[in-house]
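Report on the structure
These are the residues of each chain, in order.
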Amino acid sequence: MTTAAARGPVALVLHQARFDLRSFLRNQQARFFTLALPVIFLVIFNGVFGNRVVGPGPMKASAYYVPGIAALAVIAASFVNLVISITAQREGGILKRRRATPVPASVLVGGRALTAVGISLVVVAVLLGVGRVAYGVKLPTAGLIGIAFTAIVGSITFCVLGYALSTVIKNEDAAQPMVQAIMLPLYFISGIFIPNISLPPWLRHVASVFPVQHLAAGFRHSYVPGAHGIGIVWSDIGVLAIWALIGITVAILRFSWLPKAASA
Amino acid sequence: MEPVVSVRGLRKSYGQVDAVAGIDLEIESGEIFAFLGPNGAGKTTTVEILEGFRTRTAGEVNVLGVDPADGDAAWRDRVGVVLQESNAEPGLTVRESLQLYSGYYREPRDIDETIALVGLTEKADTLAPQLSGGQRRRLDVALGLIGDPELIFLDEPTTGFDPSARRTAWHVIEGLRELGKTVFLTTHYMDEAEELADRIAVIAGGQIVAEGTPGTLGGRNRMASTIRFTLPEGTGADDLPPELRALSARADGRVALTTQTPLVHVGALAEWALARGIDLPDLDVRRPTLEDVYLELTEEPA
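These notes cover the structure that comes with them.

About the cut-offs
Residues numbered from 1 in each chain as written. Chains lettered and ligands numbered in written order. Predicted model: local features only at pLDDT ≥ 70, side-chain atom pairs only at ≥ 80, totals over all residues. Axes fitted to C-alpha atoms, helices over the stretch in contact; angles between N-to-C directions. Helix = DSSP H or I, 4+ residues; strand = E, 2+ residues; numbered from the N terminus. Parallel < 35°, antiparallel > 145°, perpendicular 65-115°, else oblique. Left-handed = near helix turned anticlockwise from the far one by under 90°. Contact = placed C-beta atoms within 7 Å. Nonpolar A, V, L, I, M, F, W, Y, C, P; charged D, E, K, R; others polar. Pairing = 2+ DSSP bridges.

Remarks on the packing of helix 7 (residues 141-166) of chain A against helix 10 (residues 211-223) of chain A
Any two packed helices are characterised by how steeply their axes cross, that is the angle between the axes, and by the distance between the axes. All names here are of chain A. At a minimum axis distance of 8 Å, the contact between helix 7 and helix 10 shows a crossing angle of 165°. Judged by the angle between their axes, helix 7 and helix 10 are roughly antiparallel. Every pair of crossing elements has a handedness; the one defined by helix 7 and helix 10 is left-handed. Facing Gly143, Gly146, Ile147, Thr150, Gly154 and Thr157 of helix 7, the residues of helix 10 in contact are Pro211, Leu215, Gly218, Phe219, His221, Ser222 and Tyr223. For the contact of helix 7 with helix 10, the per-class residue count stands at 5 nonpolar, 8 polar and no charged.

Observations concerning the packing of helix 3 (residues 28-49) of chain A against helix 6 (residues 105-135) of chain A
Residues and elements named next belong to chain A. Between helix 3 and helix 6, the shortest axis-to-axis distance is 10 Å and the interhelical angle comes to 30°. Taken as axis vectors, helix 3 and helix 6 run roughly parallel relative to one another. Viewed along their axes, helix 3 and helix 6 form a crossing whose handedness is right-handed. Contacts between helix 3 and helix 6 pair Thr34, Leu35, Pro38, Val39, Leu42 and Asn46 from the former with Ile119, Val123, Val126, Leu127, Val130 and Tyr135 from the latter. For the contact of helix 3 with helix 6, the class distribution of residues is 10 nonpolar, 2 polar and no charged.

Quick look at the interface of chain A and chain B
If you look at the interface, chain A gives 22 residues, while chain B gives 25 residues. Going through the elements one at a time, helix 1 (4-7), helix 2 (9-25) and helix 5 (94-99) of chain A are the ones with two or more residues in the side of chain A that touches chain B. Examining the composition of the side of chain A that touches chain B, we find that 5 residues originate from one element, helix 2 of chain A, more than from any other. Of the residues assigned to the side of chain A that touches chain B, the class counts are 11 nonpolar, 7 polar and 4 charged.

Observations regarding the sheet that holds strand 1 (residues 5-14) of chain B
Residue and element names in this part refer to chain B. Pairing is antiparallel across the open sheet formed by 3 strands, whose spatial order is 2-1-4. Strand pairing shows two members of the sheet lacking a second neighbour, strand 2 (17-27) and strand 4 (58-63), which therefore form its edges. Each neighbouring strand pair of the sheet contributes to a mean axis angle of 25°, computed without reference to strand direction. Across 5 bridges, the pairing between strand 1 and strand 4 is antiparallel. Considered in strand 4, the bridge of serine 6 is made with asparagine 62. Against the sheet, helix 1 (residues 43-50) touches strand 1, strand 2 and strand 4, its axis set at about 120° to strand 1.

What follows is the structure in structure tokens.
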């Protein structure tokens, strides 16, 4: 039998992703926060604001929340999930054990990112389905390409940001509070939970620096009924790409295979 | 044949402190080599340099013909590492964990055969994190073996095991010898080193303080033995033959004799006891244990 390693790097990335995905699907907590919670949020926000019209647009709340919660879902699948699992793997010596094998670092990172992209696409598709069936929000077919593209770029961006953040977290107990402490305020100011048109201008400026708002905006452009073409707005994608570059730089400079607890 | 591991003048300094202060090691192919030393003696640092996890300050290191600092995938294909502490792969069964790792290598061992080698066949479809401590450790060994390495590092493979689990693990390690593997073993258990190792080196204060076979380490084969027995009631130490009296140190009829010539003294003792018609049911002749030797070697200067 030829092994994945013998078949080349692409086969090895797929091999890694297959097992990462299986491991993810068997983790009840990860499943809940990544697959179920975004749908629950969507139902709740639509229950509260369903028939109101929200800006900017203006658009119906149901049409507003689907792309916003899609951004949250991509972040949950890529960033939150990854920071927690990578920190636990590092502190538990799993990364060190893998490092002792011939598998290249790029394969481990690539396999993990591929898993996150796959999960992100599935959750976003489910959210679109709920929006369509439960709230009658129809999506232009051309918009699908934009949504998929945004989901992939967003997922990769938040994966590398996850790798970068994991380098400053000491142990797995600190991982969950840390990601939530960063993400919850950003969700509030980036138009995920509440339309950011109702925020004071300075707070909107703050939000525009961070990638969360641009991921949500990216989805919204493709999702807004009557969007032109595939609805990709390159300034949003550009901000995501800049954050991805920052994430890669930090991750490459600071990433550690060995437990921090042991090397301290 | 070229040695599997060869170390010359290895030094690792942290600031002013030499964690490893110039050591030499040589390990031949097919050997089970035990590396002993107290915590903080430089043991882990040395092992991690050999495994390619740490850089060194000075010295020459050669593992399977390669400097571990430049160890690439082709080198890692030939080296197996079982870390002292590593969690199970979350969400994967024993077999799946081995499938994942087996994919990393070009010519891995057979998965089911490896599971059988570590005695986990009945647990093959159990989620790895649900295994008992001993079973998890055996899975660690299996993961270190799956690439069919020529050299395998085992870092304290049986720490925390109950006695029967340790026996099982020892069988697994003995099995590696039969497969022709070279084993670099670190352990805190002297009985483990004695049972398994062909050769032992002891590191203390960053230096190798002794090297030898389990029987000869630190001059163990030339050290005094101790003869112990209890005198029956009515017999005093003064009744012992003169050549034994001089050696004796006693407390409540219990006698302990330290001797360089155990056979001569046991012979004299037996002759004396038989002539008097007494038996010494708790007679015990003991060489210094490996642990005695080790403790002496690694004693901190007061």
